[in-house]
Amino acid sequence: MDKPILQVVDIWKSYEDLQVLKGVSFELREGEVKVLFGPSGSGKSTLLRCINMLNPPDKGEVFLRGENITDPNVNINAIRAKIGMVFQHFNLFAHLKAIDNVSIGLRRVKGFPKEEARAKALEVLQSVKMEDWADHYPAELSGGQQQRVGIARALAMDPDVILFDEPTSALDPELIGEVLQVMLDIAKAGKTMIVVTHEMGFAKAVASEMIFLGDGVIIESGTPEHFFVSPKSERVKNFLNQLDVLYGSHEKLLK
Amino acid sequence: MILQDRPNPIRELLTVLEYWDHIFSGFLLTMWLYGWALLMGFVLGLILANLRQYGGWLLSRIASGYIEFMRGTPLLAQLFFIYFLPSSLNIPVGDWEIVTSFTILNKEITIILLNYRTLAGLITLGLNSAAYQAEYLRGAIMSVGTEQLMAAQSLGMSRIAGIWHVVLPQALRRVIPAWSNEAAYLPKYTVVVYFIGVKDLFAQAHFTVALTFISVTTYVIIAIIFLVTITLISKGLDILHKKTTIPGL
């Protein structure tokens with residue numbers, strides 16, 4: 001196997017008195033899809049924000065292709081351009097049409113000329129099946145459509161890795177399928193991804209490894225088969241049961 | 001019963017209107033002051049709002065302090081302070097002026113665009129308006145939310161680039177309805193410059209009253225001029241708001 005794209009080494013993070021992460025480490029290789037799951041408050045979103053330094057860790061290091069990005073001397077903006085992020089609440093730029101949401105990073109960060117950025121953005125919108133909505137503002141799109149534009153916005157930058165922060169948990173049930181399908185396509189195309197999600201159907205389909213996070217530490221990790229056939233800890237078993245009872249699985253939604 | 005010569009409103013109106021050139025030049029000067037003070041207040045207010053929101057511990061406190069001070073002290077006191085400051089420090093202010101004049105309907109109208117008095121008035125109005133505009137702008141910036149800036153940074157934009165390309169384009173659209181308050185107040189506030197001898201609309205009204213002894217009619221005319229002007233400003237900003245609006249903003 002090649003060298004890991006991303007190494008997360010002993011990440012600690014607290015908010016005032018609350019210790020959210022207590023030493024989390026893992027590695028991510030080219031083309032891998034890592035699914036992070038666990039109860040709310042276990043630090044999943046915080047971990048993602050530590051990885052792209054939107055919320056720098058108190059302790060620990062993150063290496064992107066061997067470069068220590070927690071070093072205060074690195075140009076963090078240039079690093080973030082290589083780490084895509086998809087948000088739970090989409091966070092599309094409300095004043096920009098779908099196409100401009102996708103092209104703004106190309107223009108302002110990568111310095112593409114206007115026409116070139118537009119052409120590339122349109123191409124990426126096609127890959128998430130949103131090209132017909134290119135000239136609509138976010139408020140004119142459904143949640144599922146907004147999230148697909150959000151994914152396109154991250155994809156357009158050709159990042160080394162994309163972080164998904166509960167991308168479907170703010171969506172109405174009937175809209176989840178279209179977003180999961182797009183994520184599945186991207187994963188199958190070989191993108192390296194870290195996905196915080198409770199969509200176990202998605203995890204089963206594409207995860208190369210699943211990580212169960214609880215109380216700020218990795219409680220158990222392994223392949224989807226491991227988790228769905230013989231999880232070790234009682235907490236994981238209970239959690240998976242609860243997920244099944246509450247949400248069922250959306251396996252049917254995935255082709 | 002003593003028969004008094006009751007004032008004839010029509011005759012009074014016509015008498016006052018004979019001095020239309022004074023009133024007109026005063027109006028132009030008021031609008032001149034207003035335009036520059038609003039612009040200066042906007043630029044400075046935008047800087048203050050950003051410092052207060054993003055400036056970190058020290059700069060945001062300095063900006064807050066400035067805003068509170070300017071909003072908490074009388075405008076007239078601020079004007080006198082700035083007007084008298086140079087002479088109290090023995091700094092000569094000079095006897096200079098920039099004048100423009102033109103002829104309209106056979107009357108020559110002369111306006112002092114800038115001299116020491118006008119400059120002091122302009123600076124005071126701009127500094128004062130900045131404090132109010134900063135608060136409107138800060139409210140709009142806050143309403144955009146931190147998620148938008150976070151999304152911009154996740155693409156690799158610097159904080160400044162995110163504020164410039166993502167936060168401000170939204171905040172400036174959202175601020176128009178609230179900001180039009182300041183745009184409507186400021187023309188009325190400009191009358192303070194009368195007290196340092198700038199020949200604005202109010203000063204010209206006073207001059208007209210001194211010549212004609214007709215006070216109520218004169219000031220009613222001035223009031224109507226303000227009313228019409230401010231109505232037009234509000235309407236214009238309404239149109240601007242509708243033209244720049246974006247679904248969902």
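Residues numbered from 1 in each chain as written. Chains lettered and ligands numbered in written order. Predicted model: local features only at pLDDT ≥ 70, side-chain atom pairs only at ≥ 80, totals over all residues. Heavy atoms only, no water.

A. Structural context of the overall build of chain B. Counting its regular elements, chain B contains nine helices and two strands. Going residue by residue from the N terminus, the α and β elements of chain B occur as α-α-α-α-β-β-α-α-α-α-α. Across its three principal directions, the C-alpha atoms of chain B cover 85 × 50 × 40 Å. Burial status across chain B gives 41% buried among its 249 residues. Pairs at least 24 apart in sequence give 74% of the contacts found in chain B among residues at least 6 apart. Of the accessible surface of chain B, which amounts to about 13500 Å², a share of 68% is contributed by carbon and sulfur atoms. In chain B, 16 side chains carry a positive charge and 13 a negative one; their mean positions are 12 Å apart. (Helix = DSSP H or I, 4+ residues; strand = E, 2+ residues; numbered from the N terminus. Buried < 20%, exposed > 50% of the residue type's maximum accessible area, 1.4 Å probe, protein only. Contact = heavy atoms within 4.5 Å. Areas by Shrake-Rupley, 256 points an atom, 1.4 Å probe, with all protein chains shown as cover. Lys, Arg positive; Asp, Glu negative; His and termini not counted. Charge placed at Lys NZ, Arg CZ, Asp CG, Glu CD.)

B. Region of interest: the interface of chain A and chain B. Of the residues lining the interface, 23 residues belong to chain A; the matching set on chain B comes to 20 residues. One can count zero salt bridges joining chain A with chain B. Where chain A meets chain B, there are five residue pairs in polar contact (both at pLDDT 80 or more). Those elements that provide at least two residues to the side of chain A that touches chain B are α2 (76-80), β6 (83-86) and α3 (98-108) of chain A. Considering every element that reaches the side of chain A that touches chain B, the biggest residue donor is α3 of chain A, with three residues. Residue classes in the side of chain A that touches chain B are distributed as 13 nonpolar, five polar and five charged. (Salt bridge = Lys/Arg side-chain N within 4 Å of Asp/Glu carboxyl O. Polar contact = N/O pair within 3.5 Å; in protein donor to acceptor, adjacent residues only side chain to side chain. Nonpolar A, V, L, I, M, F, W, Y, C, P; charged D, E, K, R; others polar.)

C. Representation of the sheet that holds strand β5 (residues 67-68) of chain A in the model. Residues and elements named next belong to chain A. The strand order β2-β1-β4-β5 describes an open sheet built from four strands, whose pairing is antiparallel. Across the chains shown, the open sheet's two edge strands, defined by having one partner strand only, are β2 (18-28) and β5. The sheet contact formed by strand β1 (residues 6-15) and strand β4 (residues 59-64) spans five bridges and is antiparallel. The residue bridging W12 from the neighbouring strand is K59, located in β4. Along the sheet face, helix α1 (residues 44-51) touches β1, β2 and β4 and points at about 120° away from the line of β1. (Pairing = 2+ DSSP bridges. Axes fitted to C-alpha atoms, helices over the stretch in contact; angles between N-to-C directions.)

D. Focus on the pattern of salt bridges. Residues and elements named next belong to chain B. All told, the structure shown has 19 salt bridges over all chains when counted by the stated rule. Residues E135 and R52 are paired through a salt bridge, measuring 2.9 Å at the closest nitrogen-oxygen approach. You can see E135 sitting in helix α5 (residues 116-144) and its partner R52 sitting in helix α2 (residues 20-54), a full 83 residues away along the chain.

E. Seen up close, the nonpolar core. Counting residues in hydrophobic clusters, the biggest one holds 91 residues, and the most contacted among them are L47, I151 and I194 of chain A. Here the element with the most residues in this core is helix α6 (residues 173-188) of chain A; it accounts for nine residues. When neighbours within four sequence positions are excluded, L47 of chain A is seen to be in contact with V8, I11, L21, V24, F26, L36 and L213 of chain A. Formed by 38 residues, the second largest nonpolar core is a distinct cluster that contains L79, Y116, I176 and I233 of chain B. (Core = buried A, V, L, I, M, F, W, Y, C linked by side-chain atoms within 4.5 Å.)

F. Highlighting the sheet that holds strand β8 (residues 193-196) of chain A. All names here are of chain A. Strand order in the open sheet made by the six strands is β6-β7-β8-β3-β9-β10, with mixed pairing throughout. What marks the edges here is a single partner per strand, and that holds for β6 and β10 (217-222). In this sheet, neighbouring strand axes are inclined to one another by 20° on average, regardless of whether the strands run parallel or antiparallel. Bridge analysis of β6 against strand β7 (residues 161-165) gives four bridges, and the strand direction is parallel. Along β7, the bridge assignment pairs M85 with L163. Most of the contacts of helix α5 (residues 143-155) go to β6, to which it runs at about 175°, and overall it touches β6 and β7. Relative to the sheet, α6 contacts β3 (33-37), β7 and β8, its axis offset from that of β8 by approximately 150°.

G. Just the side chain of T190 of chain B, in detail. Residue and element names in this part refer to chain B. Within the secondary structure, T190 is located in the loop between α7 (159-189) and α8 (201-212). Accessibility expressed as a relative area gives 1% for T190, which makes it buried. Those residues in contact with T190 that lie beyond four places of it in its chain are T30, L33, Y34, L125 and D200.

H. Seen up close, the pairing of β1 of chain A. Residues and elements named next belong to chain A. Examined bridge by bridge, β1 and β2 share eight bridges and lie antiparallel to one another. Bridge pairing links I11 to V24 in β2. Hairpin remark: β1 followed by β2, antiparallel, with two residues in the connecting loop; positive phi at E16, about 50°.

I. Main features of α6 of chain A. Residues and elements named next belong to chain A. Taking 1.5 Å per residue, 16 residues should reach 22 Å; α6 reaches 23 Å between its end C-alpha atoms and fits that length. For α6, the set of buried residues is L175, I176, G177, V179, L180, Q181, V182, M183, L184, I186 and A187. Here the buried face of α6 lies against β3, α5, β7, β8 and α7 (200-206). (Expected span 1.5 Å × (residues − 1).)

J. Representation of the packing of aromatic side chains. Per the stated rule, a full pass over the model turns up 14 aromatic pairs over all chains. Plain terms: the ring middles of Y185 of chain B and Y189 of chain B are 6.1 Å apart, the flat faces sit at 25° to each other, and that makes the pair stacked. Taken together, the residues Y185 of chain B and Y189 of chain B, both in helix α7 and four residues apart, mark about one turn of the helix. By relative accessible area, which is 38% here, Y185 of chain B ends up partly exposed. Judged by its relative accessible area of 32%, Y189 of chain B falls in the partly exposed class. Taken together, the ring pairs in this structure connect F37, F212, F227 and F239 of chain A into an aromatic cluster. Directly above the ring of F93 of chain A sits R153 of chain A, whose terminal nitrogen or CZ lies 4.6 Å from the centroid. The aromatic ring of F228 of chain A is capped on one face by K204 of chain A, whose charged end is 4.6 Å from the ring centroid. (Phe/Tyr/Trp six-rings, centres within 6.5 Å; stacked < 30°, edge-to-face > 60°. Lys NZ or Arg CZ within 6 Å of the ring centre and 35° of its normal.)

Just geometry here; none of it tells us what the structure is for.
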